[in-house]
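# Descriptive analysis of the structure
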Amino acid sequence: MPPQQTTNPQSPGPLPSDQYNFILNNQSKPPGRFRLPVPNLPKPAKIILGAVLGLFAFIIIYSIFFGSGGNRQPLADAIGRSTEIVRVTEIAKADLSDTNLALAATTQSVLSSNNSQLTKYASGEATSYLDNSIDAQLASAASNNQLDSTYIAYLVENLTAYDSALAAASQNASEDVRPLLDEARRSIQTILSAPQF
């Protein structure tokens, strides 16, 4: 038996074409990959909000990649101080007594080793502590036969300042740098405990 077709006797006939176009023409768009709920703000406010969020994201990314070691300027300061101590020690070595010559060689060796290990962790250039006036003081002390005492006084003052710079650098140092700084401080404290001081 064939299926019966039912017709609605009250059907008005063909529908006007514009009456139901909203059903076919207003299909919802598929959602994008990443949509944030954006408040109903005027366009300039949205641009400003986007710029602020972009700046915030930039600061976070910059601090992750370039700020992980904390403030690295104290490390550059310590390296600058040790570089100057090595330079002055090289000048003084020519005329020091044997006892102080051994101290100068040890100091120079320790500081050079510290510099080579720490330089790769410093950002930027080391702070310069070049003091040409100490050159004249050493020359005058050598001519007055007081080079040993002048050099020892210089070492006490500058190794103490270097130790303080290492301590400051250690406060904000990353986990891979802190052991190097601690070892450098122990070396400086050992030198400062020498009998010449």
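Here's what I pulled together on the structure shown here. Because the structure is predicted, anything quoted here is derived from the model rather than measured.

The helix and strand inventory of the chain stands at seven helices and zero strands. Taken over 197 residues, the chain has a buried fraction of 27%. A separation of at least 24 residues holds for 79% of the contacts in the chain among residues at least 6 apart in sequence. For the chain, the computed accessible surface area is about 13800 Å², with 57% contributed by carbon and sulfur atoms.

Quantified by volume, the largest pocket comes out at close to 170 Å³. Considering the residues around the largest pocket, the lining is formed by R81, E84, V88, Y129, D131, I134, Q137, T150, Y154, E157 and N158. Secondary-structure elements contributing two or more residues to the lining of the largest pocket are helix 3 (73–92), helix 5 (132–143) and helix 6 (147–171). It is helix 6 that contributes the most residues to the lining of the largest pocket, four residues altogether.

For helix 5, with twelve residues, the first-to-last C-alpha span of 17 Å sits near the 16 Å given by 1.5 Å per residue. Check the buried side of helix 5 and you find it contacts helix 3 and helix 6. N145 occupies a position one or two residues after helix 5 and carries a positive phi of about 60 degrees.

Once that is clear, we can look at the nonpolar core. Among the nonpolar cores identified, the biggest contains 34 residues, and L75, L166, L181 and I188 are the most heavily contacted of them. Mapped onto this core, the elements with two or more residues apiece are helix 3, helix 4 (98–118), helix 5, helix 6 and helix 7 (178–192). For this core, the element with the highest residue contribution is helix 6, accounting for ten residues.

Here is what the cut-offs are and how they apply
Residues numbered from 1 in each chain as written. Predicted model: local features only at pLDDT ≥ 70, side-chain atom pairs only at ≥ 80, totals over all residues. Heavy atoms only, no water. Helix = DSSP H or I, 4+ residues; strand = E, 2+ residues; numbered from the N terminus. Buried < 20%, exposed > 50% of the residue type's maximum accessible area, 1.4 Å probe, protein only. Contact = heavy atoms within 4.5 Å. Areas by Shrake-Rupley, 256 points an atom, 1.4 Å probe, with all protein chains shown as cover. 1 Å grid on protein atoms, 1.4 Å probe; cavity = no way out; pocket = protein on both sides within 12 Å on 5 of 7 lines; lining within 4 Å. Points joined across faces, edges and corners; volume = space filled by probe spheres on them. Expected span 1.5 Å × (residues − 1). Core = buried A, V, L, I, M, F, W, Y, C linked by side-chain atoms within 4.5 Å.

Coordinates in, geometry out; function isn't part of it.
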